[in-house]
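# An overview of the molecular structure
Residues per chain are reported as follows:
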Amino acid sequence: MDLRLTVDLPRDVDRVNTLRHVLDGALAGLGVAEQARTDIALIVNETWANVIAHVRIGVAFQVRATVDETRCVIEVTHPDEPATEIGNALTASGHSLRVVRSLADDVDVDSDGLLMKVTKLL
Amino acid sequence: MTEFAAQATPAADGTITVTASGELDMTTAPELINVLRKAIHRHGPSRVDLDLTGVTFMDSTGLQVLVAANTDVGGELRITGTSPTVHRLLQLTGVLEEFGLPSARSGGIAT
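### Considerations on the overall build of chain A
Within chain A, the regular secondary structure consists of 4 helices and 5 strands. Overall, chain A shows an N-to-C arrangement of helices and strands of β-α-α-β-β-α-α-β-β. Across the 122 residues that make up chain A, the buried fraction comes to 36%. Summarising the internal contacts of chain A: among those between residues at least 6 apart in sequence, 65% fall at separations of at least 24.

### A word on the sheet that holds strand β2 (residues 15–24) of chain B
Residue and element names in this part refer to chain B. The strand order across the open sheet formed by 4 strands is β1-β2-β3-β4, and the pairing between neighbours is mixed. Two strands lie at the open edges of the sheet, namely β1 (5–10) and β4 (77–82), each paired on one side alone. Between one strand and the next, the sheet's axes are offset by a mean angle of 20°, whatever the strand orientation. Packed onto the sheet, helix α1 (residues 29–43) meets β1 and β2 and runs at close to 175° relative to β2.

Procedures and definitions
Residues numbered from 1 in each chain as written. Chains lettered and ligands numbered in written order. Predicted model: local features only at pLDDT ≥ 70, side-chain atom pairs only at ≥ 80, totals over all residues. Helix = DSSP H or I, 4+ residues; strand = E, 2+ residues; numbered from the N terminus. Buried ≥ 20, exposed ≤ 12 C-beta atoms within 10 Å, placed from the backbone. Contact = placed C-beta atoms within 7 Å. Pairing = 2+ DSSP bridges. Axes fitted to C-alpha atoms, helices over the stretch in contact; angles between N-to-C directions.

Shown next, in the form of structure tokens:
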């Protein structure tokens with residue numbers, strides 16, 4: 001199984017709960033334990049909140065969640081602008097990023113054209 | 001999806017009990033802000049007891065609401081019940097004691 005969900009910000013700013021629910025349903029279907037699903041729901045939300053906190057008018061982001069049998073990967077991409085400036089903003093201190101770092105198995109920032117890549121092993 | 005709801009009930013001893021249920025995230029946090037602010041403004045309570053047992057999801061946006069409300073009532077906001085999900089976020093962020101809950105041994109992350 002390989003599930004990929006993509007949402008665009010700021011257009012889909014109120015869709016974070018939809019992303020969270022669809023992802024949780026997929027993870028439940030895969031038999032992922034409730035604790036891991038809870039952690040992933042928080043990771044998705046806090047990653048999203050971190051993007052929202054730094055989003056600027058006219059700047060578009062994508063948040064993409066990919067699930068397979070071994071891992072759930074949340075990626076934040078920015079199709080139009082050089083990654084460095086935005087990436088620096090996203091790594092600024094904040095509650096959201098600290099929560100993500102404490103729950104995820106890996107948090108990678110500003111590499112391979114991605115602004116953030118958060119991995120949670122299942 | 002679970003709708004968010006919050007209700008404030010004043011008690012004879014000058015405290016207020018606020019009971020919340022549903023999912024508390026950036027889209028529903030304004031509702032809790034409204035309920036808490038109205039109740040605090042109207043009743044000037046000596047303490048706010050907040051029951052989050054029915055809150056099935058909470059993110060840091062919800063946490064910010066609780067921190068702000070706690071400031072509004074001079075640090076007298078007490079969380080009287082939590083779901084496992086809410087408890088985990090409070091534990092991760094190291095604010096259990098701030099809201100009158102027993103601290104976990106593992107502690108929280110630096111704030």
